[in-house]
Amino acid sequence: MSRYCIEVGGWVFVSTAETLSQSPVIKQLIFDAGEDMPFIDRDGGRFQYVLDYLRTGTVYPLVDSAYLASLVSEAQFYGLEHMTTELERLQRINAIVGK
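Residues numbered from 1 in each chain as written. Predicted model: local features only at pLDDT ≥ 70, side-chain atom pairs only at ≥ 80, totals over all residues. Heavy atoms only, no water.

Draft legend 1. Broad picture of the packing of helix α4 (residues 65-77) against helix α5 (residues 81-97). Look at α4 against α5: their axes get within 9 Å of each other, and the N-to-C directions meet at 165 degrees. On the basis of the axis angle, α4 is roughly antiparallel to α5. In the crossing of α4 with α5, the sense of the turn from one axis to the other is left-handed. The residues of α5 that touch α4, namely those facing L68, A69, L71, V72, A75 and Q76, are M83, T84, L87, E88, L90, Q91 and N94. Partitioning the contact of α4 with α5 into residue classes produces 8 nonpolar, 4 polar and 1 charged. (Axes fitted to C-alpha atoms, helices over the stretch in contact; angles between N-to-C directions. Helix = DSSP H or I, 4+ residues; strand = E, 2+ residues; numbered from the N terminus. Parallel < 35°, antiparallel > 145°, perpendicular 65-115°, else oblique. Left-handed = near helix turned anticlockwise from the far one by under 90°. Contact = heavy atoms within 4.5 Å. Nonpolar A, V, L, I, M, F, W, Y, C, P; charged D, E, K, R; others polar.)

Draft legend 2. The pairing of strand β2 (residues 11-16), seen in detail. Sheet topology places strand β1 (residues 3-8) next to β2; 6 bridges connect them, and they run antiparallel. Across the sheet, residue C5 finds its bridge partner in β2, namely V14. (Pairing = 2+ DSSP bridges.)

Draft legend 3. Fine view of the packing of aromatic side chains. Applying the stated criterion to the full structure yields 4 aromatic pairs. Summarising the aromatic geometry, the rings of W11 and F13 are spaced 6.1 Å apart at their centres and angled 15 degrees between planes, so their arrangement reads as stacked. Residue W11 is classed as partly exposed on the basis of its relative accessible area, which comes to 40%. An angle of 65 degrees between the planes, with centres 4.9 Å apart, marks the rings of F13 and F47 as edge-to-face. With F13 in strand β2 and F47 in helix α3 (residues 44-56), this residue pair connects regions lying 34 residues apart in the sequence. (Phe/Tyr/Trp six-rings, centres within 6.5 Å; stacked < 30°, edge-to-face > 60°. Buried < 20%, exposed > 50% of the residue type's maximum accessible area, 1.4 Å probe, protein only.)

Draft legend 4. Region of the structure containing the packing of α3 against α4. Look at α3 against α4: their axes get within 10 Å of each other, and the N-to-C directions meet at 70 degrees. Classified by the interaxial angle, the pair formed by α3 and α4 is roughly perpendicular. Taken together, the residues of α4 that come into contact with α3 (itself represented by G45, R46, Y49 and V50) are Y67, S70, L71 and E74. Residues of the contact of α3 with α4, tallied by class, amount to 4 nonpolar, 2 polar and 2 charged.

Draft legend 5. Representation of α4. Its 13 residues give α4 an end-to-end C-alpha distance of 19 Å, which sits within 8% of 18 Å, the value for a rise of 1.5 Å per residue. All buried positions along α4 are accounted for by L68, S70, L71, V72, E74 and A75. On its buried side, α4 packs onto α3 and α5. Near the N-terminus of α4, the side chain that reaches the backbone nitrogen of A66, with its oxygen 3.0 Å away, is that of D64. (Expected span 1.5 Å × (residues − 1). Polar contact = N/O pair within 3.5 Å; in protein donor to acceptor, adjacent residues only side chain to side chain.)

Draft legend 6. Expanded view of the pairing of β1. The alternating pattern of β1 places Y4, I6 and V8 on a buried face, while none of R3, C5 and E7, on the opposite face, is buried. The turn joining β1 and β2, which pair antiparallel and follow one another in sequence, is formed by 2 residues; a positive phi near 55 degrees is taken by G9. Relative to strand β3 (residues 39-40), β1 runs parallel, the two sharing 2 bridges. Following the sheet pairing, V8 is matched in β3 by I40.

Here is the structure:
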């Protein structure tokens with residue numbers, strides 16, 4: 001697998017096109033960018049969590065409700081339905097347990 005670079009909010013991330021293409025939004029950006037490094041005007045810090053999801057398929061538990069809400073927005077932006085569903089489930093759990 002070849003390495004592929006993408007810039008998100010000023011942060012450069014290195015992964016594979018296969019991993020990144022799991023997001024329909026990023027897949028289209030890779031296609032449109034050709035040889036150039038795609039740029040996404042989103043928060044690079046939150047993209048770290050998105051990239052972890054793309055690599056593992058796992059949504060890790062979070063207790064910070066504001067950060068969790070921001071990740072739901074990111075998952076929706078990147079077209080990651082399963083990630084969105086899992087993050088929303090975590091939001092409901094956190095609301096029940098008062099976190």
